Structure formats: C-alpha cells, structure tokens
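Structural description and commentary
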Amino acid sequence: GQIMVWQAISSMSGATALLCNAQNLNIMDASKKAFSMWGSSALRGSSLASLVFDETTASWLQSELTCSAPAFVTPGTSVQGFWLRELGCVEFRSKLGSAFDSSVTCARLPDEPPNRPAVVVVIVEPLQEEQQMPRAGGGVRNQPVQNFSTQNRPVYRRGAPSIASSVHSEDITANDSVS
C-alpha cells in the first residue's frame, strides 16, 4: 500500500513530493527533486509547515491536512481513511529564503496496522516565475492559475533587454527548449 505508492511517486523524474506523517505533518521522506529544492537539512526531521512562507499559511495547511475525515469526499473513493485533494496555490519558502507559489495536491493514505501510521503524500508543482505576479502579502492564493498549453505559451525573457543584435542560426528551431 503506502510503500508502493510512495516508491512510484518518488521515482518519477521531476516529481517534487513529500511523505508526511498524517497526524503532525512531520516529513518522513522526500523525492530527489524536493531535496534539491529545499535541501536535506530543511527536510530531515522537520514539518511541512516549516517549508511554508508564513505562519498563517502554515496554520491553514496544518488544519486542512491533519483531519482524517475532511468535510469533502473524494469522488469514486470507498477506502476508509483515504482522500485526495487539490489545495490550490500555496506559497512556500525556497532554501534561499525567497517565496515561490506552487500548486499543491495531497493524498492521505490510511494506516496499515500494526506499525504504519496514516501518511499524507504532498505533491508540489512550482508555478512558472512568468505566471506569478509580484505582490506585497503572502500566503494562500485562491485565484485561478492560468494553465498555458505548450503550443500557445507566450515567451517571456528574464533579465534586462539586450542592446546587442540577435544572431540568426539555422540550427535553432521553434521547438528547441531554453533551460
């Protein structure tokens, strides 16, 4: 059950995922991407709430995720103690201390007697910098996030515009990725 689900999610390349104790949200394990995003010292022995940008959001997140029988019902689910929920946009703090918005999806997996307590798998999908708007406050944002398809995605440039002329190249096509 729990182990197989966690191994499948954490082995996905590029997945930012955390495995947390369902009662106190202490981080039990993290995917490689999560370790690179926050650093091992921020994840080992800490709580999910410590990764959130501010106290208000941390309290809200704690109350949303620690209830075993939430006010919502996952459609098509009949497993006692299991739920799946999209929390929307949550603001986290990076290992460098800056804020970043992420779409958060959580799944609660029930306890497995005799010695496995219930867990919450937290999947964090950072939103593109280009899609975020600067703001003074922090916390949870309930505004819808526009999801651009890869074919209709507008192109944004980071940094100051260059005064140098662009160079034409035959080996660069519209499908090339700039990372």
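Whatever comes next refers back to the structure up there.
1. Section: helix H1 (residues 2–10)
Residues of H1 that are buried include every one of Gln 2, Trp 6 and Ile 9, and no others. The buried residues of H1 occupy an angular sector of 70° when projected down its axis, which confines them to one face. Residues of H1 that are exposed and angled more than 90 degrees away from the buried face: Met 4 and Gln 7.

2. Some words on the nonpolar core
Residues Leu 18, Trp 38, Leu 43, Leu 48, Phe 92 and Val 122 are the most contacted members of the largest nonpolar core, which totals 28 residues. For this core, the elements supplying multiple residues, two or more each, are strand E1 (17–21), strand E2 (27–30), helix H2 (32–38), helix H4 (55–65), strand E3 (83–93), strand E4 (99–109) and strand E5 (119–126). Each residue touching Leu 48, except ones within four places of it in the same chain, is listed here: Leu 18, Cys 20, Leu 25, Ile 27, Leu 61, Leu 65, Phe 92 and Val 122. By size, the runner-up hydrophobic cluster in this structure holds seven residues, among which are Trp 6, Leu 109, Val 119 and Val 121.

3. Overview of the environment of Leu 19
Inspection of the secondary structure puts Leu 19 in strand E1. The class of Leu 19 is buried, set by a relative accessible area of 11%. Discounting residues that sit within four places of it in the chain, Leu 19 has contacts with Trp 6, Asn 26, Ile 27, Met 28, Asp 29, Val 119, Val 120 and Val 121.

4. As for the pattern of salt bridges
Per the counting criterion, the structure on display carries two salt bridges. The residue Glu 64 makes a salt bridge to Arg 85 at a minimum N-O spacing of 2.1 Å. Of the two residues, Glu 64 sits in helix H4 while Arg 85 sits in strand E3, which places them 21 residues apart along the sequence. A relative accessible area of 23% places Arg 85 in the partly exposed class. One salt bridge in this structure joins Arg 116 and Glu 112, with 4.0 Å as the shortest N-O distance.

What counts, and where the lines are drawn
- Residues numbered from 1 in each chain as written.
- Predicted model: local features only at pLDDT ≥ 70, side-chain atom pairs only at ≥ 80, totals over all residues.
- Heavy atoms only, no water.
- Buried < 20%, exposed > 50% of the residue type's maximum accessible area, 1.4 Å probe, protein only.
- Helix = DSSP H or I, 4+ residues; strand = E, 2+ residues; numbered from the N terminus.
- Arc of directions from axis to C-beta.
- Core = buried A, V, L, I, M, F, W, Y, C linked by side-chain atoms within 4.5 Å.
- Contact = heavy atoms within 4.5 Å.
- Salt bridge = Lys/Arg side-chain N within 4 Å of Asp/Glu carboxyl O.

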